[in-house]
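Structural overview
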Amino acid sequence: MTAQSCPRQHCATTMDSAALEPSLYTVKAVFILDNDGNRLLSKYYDPELYPSMKEQKNFEKNVFNKTHKADNEIAFLEGMTIVYKSSIDLFFYVVGSAQENELMLMAVLNCLFESLSQMLRKNVEKRTLLDNMDGVFLVVDEIIDGGVILESDPQQVIEKVNYRADDSPLSEQSVAQHITEKLALTSNVLQSAKEQIKWSILK
């Protein structure tokens, strides 16, 4: 519908509902660095955010310099909200927009850390992580898909990762089933977010 054919009242209503509509694309990036600030794993979900490798690594270096000696769990840098935690010689980061709910980002960070802790049998350090990178990528993909949060329960993540690791190469049927499951999960996340907003408005 064009602006010319849109009645003012309808446009206002549409804009209001759009403002209230929760964005599924909660996570902008996830990365894990060692205690020298070197990248071990990174995934960027917003193609407009640091599109080149050089920009990404500069951002990660700036984040590391600001956080590796800090006692906080949240940082604000370059218009981004960043939550983080460290373990031995590793630093874990989850990045969202400046408007993003820190609790949502922290839930992703905690799920990532706890899932890896279970998978690595509580040996969350650089050498063990590098020895299990395939599993680490599977964990990240079960928690976040294209920036959308799919899972925040570490136990569920580990069960799905174990199922996928034990599975034979995906047939066309299992690929279709996997896509259907992802779409259902995405729909459930959106519905839950809508319900939370509705109840917060009614309060």
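Located above this text is the structure these notes cover.
All values derive from a computational prediction rather than experimental measurement.

Comments concerning the overall build of the chain
Along the backbone of the chain there are 7 helices and 7 strands. Within the span of the chain, comprising 203 residues, buried residues form 38% of the whole. A fraction of 55% describes how many contacts in the chain between residues 6 or more apart in sequence connect residues 24 or more apart. Within the structure as shown, the chain displays about 12400 Å² of accessible surface, and the carbon and sulfur contribution to it stands at 52%.

A short note on the sheet that holds strand S5 (residues 90-97)
Strand order across the open sheet formed by 5 strands is S2-S1-S5-S4-S3, with antiparallel pairing between neighbours. Only two strands of the sheet have a single neighbouring strand rather than two, namely strand S2 (39-44) and strand S3 (74-77). Taking each pair of neighbouring strands and ignoring which way they run, the sheet shows an average axis angle of 20°. For strand S4 (residues 80-87) and S5, the ladder comprises 8 bridges, and the chain directions are antiparallel.

Considerations on helix H3 (residues 102-119)
With 18 residues, H3 should reach 26 Å at 1.5 Å per residue; the first-to-last C-alpha distance of 25 Å fits that figure. Within H3, the full set of buried residues consists of Leu 105, Met 106, Val 108, Leu 109, Cys 111, Leu 112, Phe 113, Ser 115, Leu 116 and Ser 117.

So, the pairing of S2
If a strand is regular, its side chains alternate between the two faces of the sheet. When strand S1 (residues 29-34) meets S2, the two strands line up antiparallel, connected through 5 bridges. When the bridges of S2 are listed, Val 30 appears paired with Lys 43. Hairpin remark: S1 followed by S2, antiparallel, with 4 residues in the connecting loop; positive phi at Gly 37, about 85°.

Section: the nonpolar core
For soluble globular proteins, the rule of thumb is that nonpolar side chains tend to be buried together. If you look at the biggest cluster of nonpolar residues, it comprises 30 residues, and the most contacted ones within it are Val 27, Ile 32, Phe 92 and Leu 129. Looking at this core, the elements with two or more residues in it are S1, S2, S5, H3, helix H5 (133-143) and helix H6 (154-166). Among the elements that make up this core, the one with the highest residue count is H3 (8 residues). If you look at the next biggest cluster of nonpolar residues, it comprises 17 residues, including Ala 29, Phe 31, Phe 64 and Met 80.

Conventions we followed
- Residues numbered from 1 in each chain as written.
- Predicted model: local features only at pLDDT ≥ 70, side-chain atom pairs only at ≥ 80, totals over all residues.
- Heavy atoms only, no water.
- Helix = DSSP H or I, 4+ residues; strand = E, 2+ residues; numbered from the N terminus.
- Buried < 20%, exposed > 50% of the residue type's maximum accessible area, 1.4 Å probe, protein only.
- Contact = heavy atoms within 4.5 Å.
- Areas by Shrake-Rupley, 256 points an atom, 1.4 Å probe, with all protein chains shown as cover.
- Pairing = 2+ DSSP bridges.
- Axes fitted to C-alpha atoms, helices over the stretch in contact; angles between N-to-C directions.
- Expected span 1.5 Å × (residues − 1).
- Core = buried A, V, L, I, M, F, W, Y, C linked by side-chain atoms within 4.5 Å.

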